[in-house]
Amino acid sequence: MGNLQKNIALEVIKRIHSELVADNTTDNLSFIMQIILDETKAGAVNLYVKADDVSLEEVCCSPNKESFLSIRVGDGIVGKVGLDNQISFIQSKKDFQIALPIKRWGKTTGVLHL
């Protein structure tokens, strides 16, 4: 990981820690997602959890929306990460997306998509 990436990650972690201690918010996950959105300057941040062996369910997003997606494991960038358990990214002229596995005991339990 490059120095710039380490610095951004460290700043995000510091901000989350300091603001969660200072703010006794009831919706910490949405709050954390908003901090990630602000610090990374991404267009959106989505969190998916593995519902079973074949699907990932969107549980939180920033900016907030009314309906959530269900994605099949293996489909698209999010589904690919859910299957492969490795970071994946797509870059085009207009867009850059990255999906990161959330792991527990070496297995993907969710995906963070920016």
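In this report, we go over the structure that sits alongside the text. Quick caveat, the model's predicted, so the values are computed rather than measured.

The next point concerns the nonpolar core. Generally speaking, nonpolar side chains in soluble globular proteins are found buried as a group. Counting residues in each nonpolar core, the largest one holds nine residues, listed as Tyr48, Leu56, Ile71, Val73, Ile77, Val78, Val81, Ala99 and Val111. With three residues, the single largest contributor to this core is helix 3 (residues 76-84). Residues within four places of isoleucine 71 in sequence aside, it is in contact with Tyr48, Val54, Ser55, Leu56, Val78 and Gly79. Core analysis: the second largest hydrophobic core is formed by eight residues, Met33, Ile36, Val45 and Leu114 among them.

This part is about a nonpolar patch on the surface. Taken together, Leu29, Val49 and Val59 make up a surface patch of nonpolar side chains, about 200 Å² in accessible area. Within the secondary structure, valine 49 is located in strand 1 (residues 45-50).

Turning our eyes to something else, we now look at helix 2 (residues 28-40). Between its first and last C-alpha atoms helix 2 spans 18 Å; for 13 residues at 1.5 Å apiece the expected length is 18 Å, and the two agree. Among the residues of helix 2, Ser30, Met33, Ile35, Ile36 and Leu37 are the ones counted as buried. Residue lysine 41 follows helix 2 closely and has a positive phi angle near 60°.

As for its position among the elements, phenylalanine 89 is in strand 4 (residues 88-91). Given a relative accessible area of 54%, phenylalanine 89 falls into the exposed group. With 10 residues separating them in the primary sequence, phenylalanine 89 and alanine 99 have C-alpha atoms 6.2 Å apart. Setting aside residues up to four positions removed in sequence, phenylalanine 89 forms contacts with Ile77, Phe96, Gln97 and Ile98.

Procedures and definitions
Residues numbered from 1 in each chain as written. Predicted model: local features only at pLDDT ≥ 70, side-chain atom pairs only at ≥ 80, totals over all residues. Heavy atoms only, no water. Core = buried A, V, L, I, M, F, W, Y, C linked by side-chain atoms within 4.5 Å. Buried < 20%, exposed > 50% of the residue type's maximum accessible area, 1.4 Å probe, protein only. Helix = DSSP H or I, 4+ residues; strand = E, 2+ residues; numbered from the N terminus. Contact = heavy atoms within 4.5 Å. Patch = residues over 30% accessible without salt bridge, like charges linked within 9 Å, V, L, I, M, F, W, Y side chains within 5 Å. Areas by Shrake-Rupley, 256 points an atom, 1.4 Å probe, with all protein chains shown as cover. Salt bridge = Lys/Arg side-chain N within 4 Å of Asp/Glu carboxyl O. Expected span 1.5 Å × (residues − 1).

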